[in-house]
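# Understanding the architecture of this molecule
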Amino acid sequence: MHLISAIPTEALSGDLLWAIAAFLVGFILWAAGGWILRPAVGALGLGLGALGGLLIWMETGIGPPWAAPLVGGILVACVALLAYRLLAGGMLAATLALLAATSSWSVLHLTEDGVPPPPVATLFGLPLQPPPPTDQGDTPDTAPPPAVIPVSMTSPLALAGRQIASNERLIPFKDAWEQLPPDPRLAVLLFAGAAALGGLVCSTLFGTLGAIMLTAAAGGGLVLAATPRLLTEWDMLPEWLAGATGGTTVSLAWLGLTAIGLIVQGMTKPKKATDQGKS
């Protein structure tokens, strides 16, 4: 609280406000979200809808910067509250798949040669490393030949897919995935698929356990995504996080924080009315 009160008022805007909100929501979900399933899913829907609205505004620039996140958050939160059980299963499957993919990729990077670190710098708010300098002194400055695109045979969906694939925010993921050898790539896919399937099964058969796993993993991810952004705003980010091992460390920290969240929520299980009457 002292750090927040020491920040000038004009600094509490934009990315800093989103980081503070994500940290607080993530901590609540991580510590006790499993015992408030419907509000927790609504809060996750609110956060995901706001994030989607923010991305839409960044791509289109239509309206004020707060309008699209607000509308997107309200819409997704309403849908989440109406169909929270089904949505919780899908969100648990997606969250566990991402957690398993990043964790397995990090382990492969640490144990095998030739495996690049997972491209999670943007996901967790870590600073991107500049690309290594290349010697272009002897390279002739020749422009590539113009690409001929048969407009009459290219559908708008195909063009939209090309634009999304060439988005600069997705380039680190695409480059790292292309550099990943075939065997580790298959292992990452298998771990992600198994985690997604396990999440669906767990959410279907064990609702309470699925809620705890969802909020522990998603809340821990929000906390780890917001913390580097807050440290960057306050000029307290360690230099080693900007290195190649930063993403690997944060990925494994996400796995550990999820496990701790499961233990914390298991220890803070609320007592039923019958148990309180007996005591």
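Rules of the game
Residues numbered from 1 in each chain as written. Predicted model: local features only at pLDDT ≥ 70, side-chain atom pairs only at ≥ 80, totals over all residues. Heavy atoms only, no water. Helix = DSSP H or I, 4+ residues; strand = E, 2+ residues; numbered from the N terminus. Buried < 20%, exposed > 50% of the residue type's maximum accessible area, 1.4 Å probe, protein only. Contact = heavy atoms within 4.5 Å. Areas by Shrake-Rupley, 256 points an atom, 1.4 Å probe, with all protein chains shown as cover. Patch = residues over 30% accessible without salt bridge, like charges linked within 9 Å, V, L, I, M, F, W, Y side chains within 5 Å. Salt bridge = Lys/Arg side-chain N within 4 Å of Asp/Glu carboxyl O. Axes fitted to C-alpha atoms, helices over the stretch in contact; angles between N-to-C directions. Parallel < 35°, antiparallel > 145°, perpendicular 65-115°, else oblique. Left-handed = near helix turned anticlockwise from the far one by under 90°. Nonpolar A, V, L, I, M, F, W, Y, C, P; charged D, E, K, R; others polar. Expected span 1.5 Å × (residues − 1). Phe/Tyr/Trp six-rings, centres within 6.5 Å; stacked < 30°, edge-to-face > 60°. Core = buried A, V, L, I, M, F, W, Y, C linked by side-chain atoms within 4.5 Å.

### Looking at the overall build of the protein
The helix and strand inventory of the protein stands at 11 helices and zero strands. Counting from the amino terminus, the protein carries its helices and strands in the arrangement α-α-α-α-α-α-α-α-α-α-α. Out of the 279 residues in the protein, the part that is buried amounts to 32%. Contacts in the protein between residues at least 24 apart in sequence constitute 80% of all its contacts with a sequence separation of at least 6. Roughly 17300 Å² of accessible area belongs to the protein as shown, and the carbon and sulfur atoms make up 71% of that amount.

### Topic: a nonpolar patch on the surface
On the surface, a nonpolar cluster with roughly 500 Å² of combined accessible area is contributed by L197, V201, L205, F206 and L209. Element by element, the count of residues in the nonpolar patch is highest for helix α8 (residues 182-205), at three residues.

### What to know about the side chain of S106
Looking at the element boundaries, S106 is found in helix α5 (residues 84-111). Beyond its immediate stretch of four places on either side in the chain, S106 contacts P118, T248, S251 and L252.

### Notes on the packing of α5 against helix α9 (residues 207-233)
As a packed pair, α5 and α9 sit with axes 9 Å apart at the nearest point and diverge in direction by 50°. As the angle between them shows, α5 and α9 are arranged oblique. Handedness of the crossing formed by α5 with α9: left-handed. Between α5 and α9, the residues in contact are R85, A88, M91, L92, T95, L96 and L99 and G207, G210, M213, L214, A217 and A218, respectively. Residues of the contact of α5 with α9, tallied by class, amount to nine nonpolar, three polar and one charged.

### A closer look at helix α4 (residues 67-82)
The first and last C-alpha atoms of α4 sit 23 Å apart over 16 residues, in line with the 22 Å expected at 1.5 Å per residue. Among all positions of α4, only A67, P69, G72, G73, A77 and A80 are buried.

### A closer look at the packing of aromatic side chains
Following the criterion strictly, the structure yields two aromatic pairs and no others. Judged by centre distance (5.9 Å) and plane angle (35°), the ring pair of F27 and W30 falls under tilted. In this pair, F27 and W30 are both assigned in helix α2 (residues 15-32), three residues apart and thus about one turn of the helix distant. The class of F27 is partly exposed, set by a relative accessible area of 44%.

### Let's talk about the nonpolar core
Counting 25 residues, the largest nonpolar core has L44, F124, L126, L214, L224 and V250 as the members making the most contacts within it. Of all elements in the fold, only α2, α5, α9 and α10 (244-267) reach the threshold of two or more residues within this core. With near-sequence residues (within four places) excluded, F124 lies in contact with G221, L224, A225, P228, R229, V250, S251 and W254. Listed in part, the 10 residues of the second largest apolar core include A97, A101, W105 and A176.

### Digging into unusual backbone geometry
Of note in the backbone geometry, D235 takes a positive phi value of approximately 55° without being a glycine. With respect to the secondary-structure elements, D235 resides in the loop between α9 and α10. Overall, D235 belongs to the exposed group, its relative accessible area being 74%.

### Considering the side chain of S203
Looking at where S203 falls in the secondary structure, it is placed in helix α8. Residues contacting S203, with those up to four places away along its chain left out, are R85, A88, G89 and L92.

### So, the environment of G52
Along the chain, G52 falls in helix α3 (residues 37-60). Note: C-alpha distance between G52 and A68 (16 residues apart in sequence) is 8.4 Å.

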